[in-house]
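# Structural overview for review
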Amino acid sequence: MKILTSLIIGAIFGIGIAISGMANPAKVLNFFDLAGTWDPSLAFVMGGALITTAIGYRVVFGARSQPLFETSFALPTNRKLDFPLIAGSATFGVGWGISGFCPGGAIPALGLGYSETFIFIAAMCVGIVLAGSLKSMVIRNTQDIPFTEK
Amino acid sequence: MITEFTPYLSLGGGVLIGISAILLMAFHGRIAGMTGILAGILPPFSSDWAWRAAFIAGAIFAPTIFVMAGGTIPFAVPPSTTLLVIGGLIVGVGVYFGSGCTSGHGVCGMARLSPRSITATIVFMIATFITVYVIRHVIGA
């Protein structure tokens, strides 16, 4: 059941991304090209998604103390504005501006079957895995754990 | 390359993205952020990979079915293959350390008024505006 609802909810996400234009790098890049071929459509995507979610989350959190399938809502608790957040987000922005793809736009675009999307996603997955192993390496080397060997 | 301004389709698509985010929270208690969902099915694999894989499968195949049923989704990729590879690597590293992307921070986090997500969204939007400006109007690619 969990798998089925997740599949359907993912499908709604994918259709939303696809018809909104977020899966189209040409359109995404034009939103950011204020000085050139500007296309303001993405403001409508972000606005529509944000307002809908803000209202819906209020209803969900107001009506229920736990989700239907789980014992608690898995919400991020970190509230620190730290260096990884700022530097990572700035890095993401540079990559988004270079490619026109963000993760949420690229995954549904895979379903349209163009080779460019596969190339981008493959590189992005390598980036995620590399960053993950780099992070765990740094944590291993900086933590002072006397009982484990290095 | 000029793209057509599509306020209604984009707004409608945005509302669907929002509905998806609400349902994932109501049923699964999860943030509909593509970075977090995707990272869980990549090494080191997360133990709850099944719902993540199902969400991603739905997100991929829904547009396929939409097109097969006669729908049209405009698609064009201005950057070269080299830039796609470089951009992909940079996006992957950035969203990992930044703990999210447009869907996780820009939609779900902002909707919760999370200070981290509001900050992240402002930072990546500015970085993207600057990058596109530099590529198109300074370098002139």
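Residues numbered from 1 in each chain as written. Chains lettered and ligands numbered in written order. Predicted model: local features only at pLDDT ≥ 70, side-chain atom pairs only at ≥ 80, totals over all residues. Heavy atoms only, no water.

### A few points about helix H5 (residues 102–111) of chain B
Of all ten residues in H5(B), nine are buried, a share of seventy percent or more. Residues B:Thr102, B:Ser103, B:Gly104, B:His105, B:Gly106, B:Val107, B:Cys108, B:Gly109 and B:Ala111 constitute the buried set of H5(B). (Buried < 20%, exposed > 50% of the residue type's maximum accessible area, 1.4 Å probe, protein only. Helix = DSSP H or I, 4+ residues; strand = E, 2+ residues; numbered from the N terminus.)

### Section: the packing of helix H1 (residues 2–20) of chain A against helix H5 (residues 103–110) of chain A
Residue and element names in this part refer to chain A. Between H1 and H5, whose axes approach to 9 Å, the crossing angle comes to 100°. Comparing their axes, H5 and H1 come out roughly perpendicular. Of the residues in H5, those in contact with Phe13, Gly14 and Ile17 of H1 are Gly104, Gly105 and Pro108. Split by residue class, the contact of H1 with H5 holds three nonpolar, three polar and no charged. (Axes fitted to C-alpha atoms, helices over the stretch in contact; angles between N-to-C directions. Parallel < 35°, antiparallel > 145°, perpendicular 65-115°, else oblique. Contact = heavy atoms within 4.5 Å. Nonpolar A, V, L, I, M, F, W, Y, C, P; charged D, E, K, R; others polar.)

### Section: the interface of chain B and chain A
Across the contact, 100 residues belong to chain B and 102 residues belong to chain A. When the two sides are added together, the surface that chain B and chain A hide from each other amounts to roughly 9,300 Å², 78% of it contributed by carbon and sulfur. The three residues of chain B that bury the most area against chain A are B:Phe75, B:Phe97 and B:Arg116, which together make up 8% of that side's buried surface. Applying the counting criterion to the chain B and chain A interface returns two salt bridges. The salt bridge partner of B:Arg136 is A:Asp33, with a shortest N-O separation of 2.9 Å. The interface formed by chain B and chain A holds 26 residue pairs in polar contact (both at pLDDT 80 or more) in total. Of all the secondary structure elements, the ones that give two or more residues to the side of chain B that touches chain A are helix H1 (7–28), helix H2 (34–39), helix H3 (49–68), helix H4 (81–97), H5 and helix H6 (115–139) of chain B. (Buried area = accessible area lost by both parts, 1.4 Å probe. Salt bridge = Lys/Arg side-chain N within 4 Å of Asp/Glu carboxyl O. Polar contact = N/O pair within 3.5 Å; in protein donor to acceptor, adjacent residues only side chain to side chain.)

### So, H6(B)
All names here are of chain B. Here H6 contains 25 residues, and its C-alpha end-to-end distance of 34 Å stays within 8% of the 36 Å for a straight helix at 1.5 Å per residue. The largest bend in H6 amounts to roughly 25° and is located at Tyr133. Where H6 terminates, the next one or two residues include Gly140, which has phi positive at roughly 80°. (Expected span 1.5 Å × (residues − 1). Bend = angle between axes of the 7 residues up to and from the residue.)

### Topic: the packing of aromatic side chains
If you walk through the whole model with that rule in mind, you get 16 aromatic pairs over all chains. Consider the rings of A:Phe61 and A:Phe73, whose centres lie 4.9 Å apart with planes at 90°: the pair is edge-to-face. Here A:Phe61, found in helix H3 (residues 41–63), pairs with A:Phe73, found in the loop between H3 and helix H4 (83–99); they are twelve residues apart in sequence, far enough to count as distant. The buried category is assigned to A:Phe73, whose relative accessible area is 16%. Seen in terms of ring centroids, A:Phe92 and B:Phe124 are 4.9 Å apart; in terms of plane orientation they differ by 70°. Their pairing is edge-to-face. (Phe/Tyr/Trp six-rings, centres within 6.5 Å; stacked < 30°, edge-to-face > 60°.)

### Some words on the side chain of A:Thr53
Locating A:Thr53 in the fold gives a position in helix H3. Among the polar contacts listed, one links the side chain of A:Thr53 to the backbone oxygen of A:Ala49, at a separation of 2.6 Å. Among residues more than four places away in sequence, those in contact with A:Thr53 are B:Gly18, B:Ala21, B:Ile22, B:Val107, B:Cys108 and B:Ala111.

### Overview of the side chain of A:Asn24
Position of A:Asn24 among the secondary structure elements: in the loop between H1 and helix H2 (25–32). In contact with A:Asn24, not counting residues within four places along its chain, are B:Pro74, B:Phe75 and B:Ala76.

### A short note on the pattern of salt bridges
With the rule as written, the count across this model stands at six salt bridges over all chains. For A:Asp39, the salt bridge is made with A:Lys27, and the minimal N-O distance between the two is 2.8 Å. Taken together, the residues A:Asp39 in the loop between H2 and H3 and A:Lys27 in helix H2 connect sequence positions twelve residues apart. A relative accessible area of 0% means that A:Asp39 is categorised as buried. Accessibility expressed as a relative area gives 6% for A:Lys27, which makes it buried. Connected through salt bridges with shared partners, the residues B:Arg30, B:Asp48 and B:Arg52 form a single ionic network.

### With respect to the nonpolar core
In terms of nonpolar packing, the biggest core is built from 60 residues, with A:Phe92, A:Trp96, A:Phe101, A:Ile107, B:Met34 and B:Leu38 touching the most fellow members. Among the elements that take part in this core, H1(B) stands out by supplying six residues, more than any other. In contact with A:Ile107, other than residues within four places in its own chain, are A:Ile121, B:Met34, B:Leu38, B:Ile56, B:Ala59 and B:Ile60. (Core = buried A, V, L, I, M, F, W, Y, C linked by side-chain atoms within 4.5 Å.)

### Structural notes on the environment of A:Ser20
Residue and element names in this part refer to chain A. In this fold, Ser20 is placed in helix H1. Its relative accessible area of 0% is what places Ser20 among the buried residues. Put simply, Ser20 and Gly62 are 42 residues apart on the chain and 29 Å apart in space, counted from C-alpha to C-alpha. In this structure the side chain of Ser20 is engaged in a polar contact, spanning 2.8 Å, whose partner is the backbone oxygen of Ile17.

Remember that the coordinates give geometry; whether it matters functionally is a separate question.
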